[in-house]
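Architecture and fold: a report
Here is what each chain is made of, one letter per residue.
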Amino acid sequence: MNELNTRISQIGVVPVIKINDPERDAAPLARALCAGGLPVAEITFRAAGADRAIRAIKEACPEMLVGAGTVLSAEQARAAVEAGAEFIVSPGFSCLLAEACEALNVQYIPGVITPTEYQMVLPYGYELVKFFPAEQSGGLARIKAMSAPFPMFKVMPTGGINLKNLEAYLSCPVVAACGGSYMVKPADIDAGNWDRIMNLCRQTREIVDRVRG
Ligand code: 3PG
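Throughout what follows, the structure given in this document is the object of discussion. (Residues numbered from 1 in each chain as written. Predicted model: local features only at pLDDT ≥ 70, side-chain atom pairs only at ≥ 80, totals over all residues. Heavy atoms only, no water.)

**Examining the packing of helix H1 (residues 3-11) against helix H10 (residues 194-212)**
Heads up, the condition is: Axes, fitted as lines to C-alpha atoms, cover a helix only where it is in contact. Angles between the N-to-C directions of the axes lie from 0 to 180 degrees. A run of H or I in DSSP becomes a helix once it reaches four residues, and a run of E becomes a strand once it reaches two; helices and strands are each numbered from the N terminus. Throughout this description, any angle smaller than 35 degrees is read as roughly parallel, any larger than 145 degrees as roughly antiparallel, any in the 65 to 115 degree range as roughly perpendicular, and the remainder as oblique. Residue contacts are counted whenever heavy atoms from the two residues lie within 4.5 Å of one another. Charged means Asp, Glu, Lys or Arg here, nonpolar means Ala, Val, Leu, Ile, Met, Phe, Trp, Tyr, Cys or Pro, and polar covers whatever is left, Gly included.
Where H1 contacts H10, the two axes come as close as 9 Å, and the packing angle between them is 105°. Judged on the interaxial angle alone, H10 and H1 are roughly perpendicular. Contacts between H1 and H10 pair Ser-9, Gln-10 and Ile-11 from the former with Arg-205, Val-208 and Arg-212 from the latter. Class assignment of the residues belonging to the contact of H1 with H10 gives a composition of two nonpolar, two polar and two charged.

What follows is the structure, encoded as structure tokens:
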């Protein structure tokens, strides 16, 4: 795997984050993630100001790996990269976004779930794809079934991942890392519950370390 994917895989779990108030919350949230042992974030463009959140996180914790999530247009990809995003994630696959990311020289992690989608992204040579929505689409059984015809992909299952099923997902060799929002609930971010977020990250880190040795 390339350097970025290796880093994502070593961290093991990518928090998927919706920040409503980037100026107030991005920096303390970033510090909580790092203190909890998960120095990576997928900042979703579901909230306005996602680019400002990305910039604020990179300023507060430059060592953190920061990507943009729910990127639906080339304009969003450009705004994310200008703010410092190091990877671009979308819920599905878009040729336009693939071309935009190539032009921006940033890694694209498209969402796939069906055989047709796996086959569509194949010519682009991606090592890592987002398997979304994971639990709702058949979970591990489906990931394993898809890896038979498409062994060239590592996946990042996201959707319905939590502290209970994380170990099973991470134990699957096809899974490079998991994504999830369970440790960064919008209510906890809005309330500034940084200790709770840090503790959930620590519990996550323990599971990753146990599975990955
Ligand atoms: C995403 O956009 O990746 C998902 O909303 C994350 O799924 P989860 O909230 O079930 O973890």
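Picking up where we left off.
**Here we look at the nonpolar core**
Put simply, the rule reads: Buried Ala, Val, Leu, Ile, Met, Phe, Trp, Tyr and Cys residues form a nonpolar core when they are joined through side-chain atoms within 4.5 Å. Throughout, exposure labels follow a simple rule: accessible area from a 1.4 Å probe, protein chains only, divided by the maximum for the residue type, with under 20% read as buried, over 50% as exposed, and the rest as partly exposed.
Residues Ile-8 and Ile-43 are the most contacted members of the largest nonpolar core, which totals 78 residues. Sort the elements by how many residues they give to this core and H10 lands first, with seven residues. Setting aside residues up to four positions removed in sequence, Ile-8 forms contacts with Val-14, Leu-65, Phe-87, Ile-109, Leu-128, Met-156 and Ala-177.

**Quick look at the environment of Thr-116**
Locating Thr-116 in the fold gives a position in helix H6 (residues 115-121). Residues Thr-116 and Ala-85, spaced 31 residues apart in sequence, show a C-alpha to C-alpha distance of 28 Å.

**Concerning the pairing of strand E2 (residues 40-44)**
Using the following cut-off: Two strands pair if DSSP finds at least two bridges between them. A crossover counts as right-handed when, viewed with the strands pointing away from the observer, the path leading from the first strand over the helix to the second turns clockwise.
The buried fraction of E2 is high, at five of five residues. Note: strand E1 (residues 13-17) against E2, two bridges, orientation parallel. Considered in E2, the bridge of Ile-17 is made with Ile-43. Tracing the backbone out of E1, into helix H2 (residues 22-35) and back to the parallel element E2 gives a crossover that is right-handed. Here E2 runs beside strand E3 (residues 65-69); their pairing, made up of five bridges, is parallel. By the bridge assignment, Ala-41 is partnered in E3 with Val-66. A crossover links E2 with its parallel partner E3, the connecting element being helix H3 (residues 50-60), and its sense is right-handed.

**A short note on the site of the ligand**
Condition: Here a residue is considered near a molecule or strand provided that any single heavy atom belonging to it is located within 4 Å of it. Identification of polar contacts relies on pairs of N or O atoms within 3.5 Å, with a donor-acceptor requirement for protein atoms, meaning one able to donate a hydrogen and the other able to accept it, and with residues adjacent in sequence counted only if both atoms are side-chain atoms. Accessible areas in this description were obtained via Shrake-Rupley with a 1.4 Å probe; residue shielding takes into account the shown protein chains only.
In the neighbourhood of the ligand, the contacting residues comprise Val-16, Arg-46, Lys-130, Phe-132, Thr-158, Gly-159, Gly-160, Gly-180 and Ser-181. Note that an oxygen atom of the ligand is positioned 2.8 Å from one of the backbone N or O atoms of Gly-160. At 2.5 Å from an oxygen atom of the ligand is found a side-chain nitrogen or oxygen belonging to Ser-181. Relative to its free-state accessible area of 310 Å², the ligand is covered by the protein chains to the extent of 81%. By residue class, the composition of the shell around the ligand is two nonpolar, five polar and two charged.

**A few points about the pattern of salt bridges**
Test applied: In the sections that follow, a salt bridge refers to a side-chain nitrogen of Lys or Arg positioned within 4 Å of a carboxyl oxygen of Asp or Glu.
Evaluation of the coordinates by the stated rule reveals eight salt bridges. Each of the salt bridges in this network shares a partner with another, and the network as a whole consists of Asp-21, Arg-24 and Asp-25.

**Brief notes about the side chain of Thr-204**
Following the sequence through the fold, Thr-204 ends up in helix H10. Here Tyr-182 takes part through its side chain, which lies 2.8 Å from a polar atom of the side chain of Thr-204. The contact partners of Thr-204, leaving out residues within four places of it in the chain, are Val-13, Leu-38, Leu-163, Leu-166 and Tyr-182.

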